Amino acid sequence: MELLKVDTVEQVMKKMEDYFKDLVLEGQEIHIADALGRILYEDVEAPLELPEFRRSTVDGYAVLAKDTFGASEGLPTFLNNIGKVEMGKSTELIVNSGECVYVPTGGMLPSGTDAMVMIEHAEHLDELTLAVYQSVAPGENVMQVGEDIQKGEILLKRGRKIKAQDIGALAALGIEKITVFERPKVAVLSTGDEIVDPFSKVQLGQIRDINTYALSAMIEEFGGEIVHRLVIQDEYNQLKEKAAEVLKDCHVLVISGGSSVGTKDVTAKVINDLGTPGVFVHGIAIKPGKPTIIGKTNHKAVFGLPGHPVSAIIVCKVFLGYLLDRLQAQEAGEHKTIYAAAAANIHSSPGKETYQMVILEDQNGEYLAKPIHGKSGAITLLTKAHGYIRIDTNKEGIEKGEKVKVVLF
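### Some words on the pattern of salt bridges
Here is step 1 of the chain: The final tally for this structure, using the stated rule, is 13 salt bridges.
Here is step 2 of the chain: Note that Lys185 and Glu182 form a salt bridge whose closest N and O atoms lie 3.5 Å from each other.
Here is step 3 of the chain: For Lys185, a relative accessible area of 23% translates into the label partly exposed.
Here is step 4 of the chain: When the shortest N-O distance is used, the salt bridge between Lys395 and Glu402 registers 3.1 Å.

### Considering the sheet that holds strand E20 (residues 293-297)
Here is step 1 of the chain: Across the sheet, which stays open at both edges, the six strands sit in the order E16-E13-E17-E21-E20-E18 with mixed pairing between neighbours. Strands at the two margins of the open sheet, each flanked by one partner only, are strand E16 (225-232) and strand E18 (277-282). Direction aside, the axes of adjacent strands within the sheet are offset by 15° on average.
Here is step 2 of the chain: Docked against the sheet, helix H1 (residues 9-19) engages E18, E20 and strand E21 (300-305), running at close to 165° with respect to E18.
Here is step 3 of the chain: Where helix H6 (residues 309-327) meets the sheet, it contacts strand E17 (252-256) and E21, and its direction lies at approximately 165° from that of E21.

### With respect to the packing of aromatic side chains
Here is step 1 of the chain: Tallying each qualifying case throughout the model produces seven aromatic pairs.
Here is step 2 of the chain: Between the aromatic rings of Tyr19 and Phe280, the centroid separation amounts to 3.9 Å while the plane-to-plane angle is 5°, which identifies the pairing as stacked. On the criterion of sequence distance, the pair formed by Tyr19 in helix H1 and Phe280 in strand E18 is long-range, its members being 261 residues apart.
Here is step 3 of the chain: Ring geometry for Tyr61 against Tyr102: centres 5.7 Å apart, planes inclined by 70°, an arrangement best described as edge-to-face. You can see Tyr61 sitting in strand E4 (residues 60-63) and its partner Tyr102 sitting in strand E6 (residues 99-103), a full 41 residues away along the chain.
Here is step 4 of the chain: Relative accessible area serves as the criterion here: at 23%, Tyr102 is assigned to the partly exposed category.
Here is step 5 of the chain: An aromatic cluster of at least three residues, connected via ring pairs, comprises Tyr19, Phe20 and Phe280.
Here is step 6 of the chain: For Arg55, the ring lying beneath its charged end belongs to Phe53, and the centroid distance is 5.3 Å.
Here is step 7 of the chain: Sitting over the face of the ring of Tyr41, Arg158 holds its NZ or CZ atom 5.4 Å from the ring centroid.

Thresholds applied
Residues numbered from 1 in each chain as written. Predicted model: local features only at pLDDT ≥ 70, side-chain atom pairs only at ≥ 80, totals over all residues. Heavy atoms only, no water. Salt bridge = Lys/Arg side-chain N within 4 Å of Asp/Glu carboxyl O. Buried < 20%, exposed > 50% of the residue type's maximum accessible area, 1.4 Å probe, protein only. Pairing = 2+ DSSP bridges. Helix = DSSP H or I, 4+ residues; strand = E, 2+ residues; numbered from the N terminus. Axes fitted to C-alpha atoms, helices over the stretch in contact; angles between N-to-C directions. Contact = heavy atoms within 4.5 Å. Phe/Tyr/Trp six-rings, centres within 6.5 Å; stacked < 30°, edge-to-face > 60°. Lys NZ or Arg CZ within 6 Å of the ring centre and 35° of its normal.

Put into structure tokens, the structure is as follows:
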């Protein structure tokens, strides 16, 4: 095998769109109590208006606004208090001009009223007479029927990642269950004769398994579900047998290691032999991560990532993250970013899209992106970094002081 031709990042994304267009996830109905962080499979429409009745936003008195016009501390308006509204109950009271009714926050406004006077702007002179010291406008301190949301209005759109406040809105509308995307099922296999269980006794020359755990955690951040997590040797038959086995249970298989062109790098051959169409990317014009493999076998996606942890994690974030976003109807690559000024000149690799790790520093209210350097096998390069900047293929580098967009980890 040879890396005869590398694809640009844009070419890889286009190939992934074409090859994986038939890779789809099903919808799954769940209770909203279990919905935090899940991705909506379909739009959610409001089944009713919210609020369903005119509601007070303050403790005070429901009035006809025109009765309060001109009221002040020196010249109050006097109204007859004809009753009160109980919290959580409807009311059949009808208020005429010159009258008012006490209503607590969230309480229902009685018929005939159109505004609320806050309790601190009024004073009882006796059991029936209320002095109002401030005027209110029609609709003031009142939520109208359907002001929050109208019946049939789209509350949440397909592809939205459910947040805590979304669950509150769903509960407010009486929506008990929603349909979300099933979690993309992913298997992670790390290869290498030198890779061993990180919690076992490690012999000199062996390396604790980093990628299986780091990649699995990142995939879970993308909403994926890890169904298999294994370390196996760089041996063709063993890798092929295990890959074929785990592919039955997952949408995506990630193989870490064995993606280059060494004598023991068998990942590409395994992917090709697992099923059609096989490998469609072997080599990407990026740094780090050039020897990345992407393939498809029997409607399943297979990624062959470099064995070096930094390269593997960057490729996972950029390409596997892109695929998992698309599968869940999210805007691909929609990650948290911040703009900063480059703290130093940053060089790039000619002909490659370069991903440079940076540390963010706050200097007089402005963020500075300070490059940090290290080999692709140094996992602490990522633990120190706050994020990375992407330097385009045709850009020679970044000049000190230049504004850059930092993708945050």
